[in-house]
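Here are the chains, one letter per residue:
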Amino acid sequence: MPKLSDELYMKQALRLARRGLGQTSPNPMVGAVIVKNGKVIGQGYHERFGGPHAEINAINNAKGDLNGATLYVTLEPCCHQGKKTPPCLDTLLKYKWKRVVVGTIDPNPKVNGRSIEILKQKGIETKAGVLREECQSLNEVYFKYIQTGIPFVTLKYAQTLDGRIATATGDSRWISSGLSLKWAHRLRSVHDAVLVGVGTVLKDDPQMTVRLVRGRNPLRVVADSRLRIPMSSAILREQETAATIIAATTQADIEKKLALNVMGVEVMTVEEDSEGMVDLKDMLQKLGKKNISSVLVEGGATTITSFIRQGLTDKLVVIIAPKIVGKGVEAVGDLGIREVGRALKVSFDKVYRKGDDVVIEVKL
């Protein structure tokens, strides 16, 4: 049946699209498959930001005449000039397609159904919404960012079975297994930025780079309202390969700000919240203006609690180690909830193993 065939080829396009994970931001991941007479004659995906889009790669890789073929693409083709790429629609209209099947409409206001309407006006049978939920889920980061201008926030931490991220003495190395640590570095590599609070820098002096796997270093961000960060901190090194931005308020020391600038570290001034700390929402908005579409938060209990309490978290990734320490540092502090009926509700997305640990992903 046509419906089953459409879903089959769209699943193939989705598999292709996932190959672009961590390489296309702030653009979406997209896959495309070209089918003619029941055979795949071309396929491609958006491989990297600034490179040809999926549809163009599929066309360039195709073997045989494209006229009369069906194009399957996970996201509506673009119809506007990008910063580095021309509209895909212009290239598509050079061929006489039998059908164009689209996974989901592009929420970008410059597209948002326009390409589908143009294809229909040109007499091309066009179908949208095949595996829509899967296609939207694939690009959950892009969808939020393009619609709000605010990065998609993933909050990640490791805890013991009894909910502690550190012992009573503050020791937290290492709660999770070696495989979980390696996986955490992979998680960093597919985000635009990784963020910690200055408390974590003062306590652990982390590098916040990708070292255990192959992949790019994300932008490193420190929320530090008064610029308490030591000038010798590891997170201030390697600016050539892993840039750092420190989000501070107007109360920060001017001389230290200038000294950090000399080191190549940007100090981004953000608003203060009611407690005189970095206003997290303002910080995220300013990061969004820098084309940061995804942020991985790896802070301590204070940062974790603040992001959850203020409703700024899109996804929560919790690594649970098979360890019990008793009294210690709780992962999440006071959220102001006094009744179970008012508890923050989340939806489980994935549960899987990493070595001896269990990883739970939830959406807030």
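Our structure is the block above this text.
Here the residue numbers are simple positions, counted from 1 along each chain's written sequence. Residues qualify for local features only when their pLDDT is at least 70, as the model is predicted, and side-chain atom pairs are given and counted only at 80 or more; totals for whole chains, interfaces and linings, by contrast, use all residues. The basis for every side-chain value is the complete set of heavy atoms in the structure, and neither hydrogens nor water enter the calculation.

A. Spotlight on the pairing of strand 1 (residues 31–36). Of all the six residues making up strand 1, five are buried; the element is thus mostly covered by neighbouring parts of the structure. Only when DSSP finds a minimum of two bridges between them are two strands counted as paired. The helix and strand labels rest on DSSP assignments: H or I over at least four residues marks a helix, E over at least two residues marks a strand, and numbering proceeds from the N terminus. The hairpin turn running from strand 1 into strand 2 (residues 39–45), its antiparallel successor, is two residues long, and N37 in that turn takes a positive phi close to 55°. Sheet topology places strand 1 next to strand 3 (residues 70–75); four bridges connect them, and they run antiparallel. Looking at strand 3, one finds that I34 is bridged to L71. Three exposure classes are used, based on accessible area relative to the maximum for each residue type with a 1.4 Å probe and protein chains only: buried under 20%, partly exposed in between, and exposed over 50%.

B. The arrangement of unusual backbone geometry in detail. With an omega of 5°, the peptide bond between S25 and P26 qualifies as cis. Residues other than glycine seldom take positive phi values, yet N37 does so here, at roughly 55°. Mapped onto the fold, N37 is located in the loop between strand 1 and strand 2. Not every positive phi belongs to a glycine, and L131 is a case in point at roughly 55°. Here L131 lies in the loop between strand 5 (125–128) and helix 5 (132–138). Overall, L131 belongs to the buried group, its relative accessible area being 12%.

C. Here's a closer look at the sheet that holds strand 5. Read across the open sheet, the five strands follow the order 2-1-3-4-5; overall the sheet is mixed. Where the open sheet ends on each side, the last strands, each with one partner, are strand 2 and strand 5. When the angles between neighbouring strand axes are averaged without regard to direction, this sheet yields 15°. Bridge analysis of strand 4 (residues 99–104) against strand 5 gives four bridges, and the strand direction is parallel. Residue pairing across strands places R99 opposite E125, the latter belonging to strand 5. This element, helix 2 (residues 54–61), spans strand 1, strand 2 and strand 3 of the sheet and lies at about 135° to strand 2. Interaxial angles span 0 to 180 degrees and are taken between N-to-C directions of axes, which are lines fitted to C-alpha atoms, for helices over the stretch in contact. Any two residues whose heavy atoms approach within 4.5 Å at even a single point are treated as in contact.

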